[in-house]
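Notes for the structure review
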Amino acid sequence: MATAVELDKRSGTIRDMFGAVAPRYDLLNRVLSASLDIVWRRKAAEALTLADPAPVLDLCCGTGDQALALRKRGAEVVAADFCVPMLALAEKKYQRLDERRPRGLAGDAMTLPFADQLFGAATVAFGLRNVADLDAALVEIHRVLRPGGETAFLEFTVPETPVLRAPYLFYFRTVLPWIGRRLSKRGSAYSYLPDSVLQFPQRQVFLERMEAAGFTDVACRNLSGGIVNLYTGRRA
Ligand SMILES: C[S@@+](CC[C@H](N)C(=O)[O-])C[C@H]1O[C@@H](n2cnc3c(N)ncnc32)[C@H](O)[C@@H]1O
């Protein structure tokens, strides 16, 4: 029987790993997802009503693509991540914009550098899986949201349909790490990716963790046959 690989999610390890993959991060995202990642981020942005004009937090923002999808919807965005090379690449993209640029900021998801009830909404795209303490991050996101504040989280999931499940697992465990090793200097990051997804709470289990952190009206939606889920909820 296969045993689960022990993942090292200490902040320093995760920060170094994303720092090393940062230069090729966007390229690998496009190649490995066949550009579906653009659609997933747009759907996350569209899942928010943005009825509250308060700023939107994009946490674990990486190279800024989710922040830019939110900006397209007219939101004022604060984009935070604890990996400076990722933030620097995001900043380059923001600088091309003339107005309403997202504001980048260094910060750890488990101890957010923001006052209570500051944001009208929050997104995290493919970030929560990497945070050492998921529950602490969810509590922090809840803390910085205004009452009624909305959330949209994207995370990889394993498809439920058997017909998709087997090819997906083959792609994820074999093909994806192989491509990652060829295109990125830190190929091991692309072996970490499938392991981190397979060990991360999915669908109902993740929704229970959101509820435990205080979120209400939680729901999840399969995207692209269930290889990604969009989790939504709000602060009561
Ligand atoms: C897979 S990338 C996702 C980036 C971006 N959201 C996207 O959709 O492409 C995960 C990001 O989460 C960040 N991250 C992981 N743990 C973090 C933490 N505890 N606090 C802040 N950022 C964190 C990493 O630095 C990395 O940029």
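See above for the structure.
Described below are features of the structure shown in this document. Keep in mind that what you see is a predicted model, and the values were worked out from it rather than measured.

With respect to helix α1 (residues 11-33)
Within an α-helix, residues lying three or four positions from one another point in the same direction, as the helix has 3.6 residues per turn. Along its 23 residues, α1 runs just 26 Å from first to last C-alpha, ending more than 12% under the 33 Å computed at 1.5 Å per residue. The sharpest bend along α1 reaches about 70 degrees and sits at A22, with the proline P23 one to four residues further on. Inspection of α1 places I14, F18, V21, A22 and Y25 among the buried residues, and these make up the whole buried set. At its buried positions, α1 is contacted by α4 (84-95) and α7 (189-198).

Description of the site of the ligand
Taken together, 20 residues lie around the ligand, and C60, G62, C83, A109 and A125 are the ones closest in. Within the residue set of the shell around the ligand, elements represented by two or more residues are α1 and α3 (65-72).

As for the sheet that holds strand β5 (residues 145-156)
In spatial order, the strands read β3-β2-β1-β4-β5-β7-β6; together these seven strands make up an open sheet with mixed pairing. Among the strands making up the open sheet, the edge pair consists of β3 (103-106) and β6 (215-223). On average, each strand axis in the sheet is inclined to that of its neighbour by 20 degrees, with strand direction left out of account. Relative to strand β7 (residues 228-235), β6 runs antiparallel, the two being bridged by seven bridges. Opposite A219, over in β7, you have T232 as the bridge partner. Where α4 meets the sheet, it contacts β2 (77-81) and β3, and its direction lies at approximately 170 degrees from that of β3. Packed onto the sheet, helix α8 (residues 204-212) meets β6 and β7 and runs at close to 155 degrees relative to β6.

Considering the packing of α1 against α4
With their axes 7 Å apart at the nearest point, α1 and α4 run at an angle of 30 degrees to one another. The angle between α1 and α4 falls in the class roughly parallel. Of α4, the residues touching α1 (which contributes F18, G19 and A22) are P85, M86 and L89.

Regarding unusual backbone geometry
Residues other than glycine predominantly adopt negative phi, and peptide bonds predominantly adopt the trans conformation. Notably, F126 is not glycine yet its phi reads approximately 60 degrees, a positive angle. Counting through the fold element by element, F126 comes out in the loop between β4 (119-125) and α5 (134-144). Residue F126 is classed as buried on the basis of its 21 C-beta neighbours within 10 Å. A positive phi angle, near 45 degrees, is found at R203, a position not held by glycine. Tracing the backbone through its elements, the reader meets R203 in the loop between α7 and α8.

Analysis parameters
- Residues numbered from 1 in each chain as written.
- Predicted model: local features only at pLDDT ≥ 70, side-chain atom pairs only at ≥ 80, totals over all residues.
- Helix = DSSP H or I, 4+ residues; strand = E, 2+ residues; numbered from the N terminus.
- Expected span 1.5 Å × (residues − 1).
- Bend = angle between axes of the 7 residues up to and from the residue.
- Buried ≥ 20, exposed ≤ 12 C-beta atoms within 10 Å, placed from the backbone.
- Contact = placed C-beta atoms within 7 Å.
- Near = placed C-beta within 6 Å.
- Pairing = 2+ DSSP bridges.
- Axes fitted to C-alpha atoms, helices over the stretch in contact; angles between N-to-C directions.
- Parallel < 35°, antiparallel > 145°, perpendicular 65-115°, else oblique.

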